[in-house]
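The primary structure of each chain is shown beneath.
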Amino acid sequence: PHLNKSYKIQANELIWMTDRTPHQAIRRPKKSGYHQSFRLVTNLREWYSQHYTPNPNVALPPSVEVIDSNRFEGQNYNGSN
């Protein structure tokens, strides 16, 4: 279902977000445990080697540009230039 208000994800909950879904990270207490997430990308054009973990079992397609720089450099916290 589409959510019309803010929603805090619960433990062991999986949600679907697109690249247009508004979201933000919430600060957690230091001893709050582990945080895990994964992103499934289906249309990859650029690979930022400083940000992504390579899959040792799958090579990048030749059409993907590997960029060895920080993609957040020069941006403030909310991602704008």
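Structure's up top.
Scoring rules and cut-offs
Residues numbered from 1 in each chain as written. Predicted model: local features only at pLDDT ≥ 70, side-chain atom pairs only at ≥ 80, totals over all residues. Heavy atoms only, no water. Helix = DSSP H or I, 4+ residues; strand = E, 2+ residues; numbered from the N terminus. Buried < 20%, exposed > 50% of the residue type's maximum accessible area, 1.4 Å probe, protein only. Contact = heavy atoms within 4.5 Å. Areas by Shrake-Rupley, 256 points an atom, 1.4 Å probe, with all protein chains shown as cover. Polar contact = N/O pair within 3.5 Å; in protein donor to acceptor, adjacent residues only side chain to side chain.

Draft legend 1. Broad picture of the overall build of the protein. Summing up its helical and strand segments, the protein has 0 helices and 2 strands in all. For the protein, the residues scored as buried account for 5% of the 81 residues in total. In the protein, the proportion of contacts linking residues at least 24 apart, taken out of those at least 6 apart, comes to 7%. For the protein, the accessible surface area stands at approximately 8900 Å², while carbon and sulfur atoms represent 51% of it.

Draft legend 2. The environment of E46, seen in detail. Locating E46 in the fold gives a position in strand β1 (residues 46-48). Residue E46 is classed as partly exposed on the basis of its relative accessible area of 36%. For the pair E46 and V66, spaced 20 residues apart in sequence, the C-alpha separation works out to 5.9 Å. For E46, the residues in contact, after removing those within four places along its chain, are Y52, V64, E65 and I67. A polar contact is formed between the side chain of E46 and the side chain of Y48, at a distance of 3.2 Å.

These figures capture arrangement, not role.
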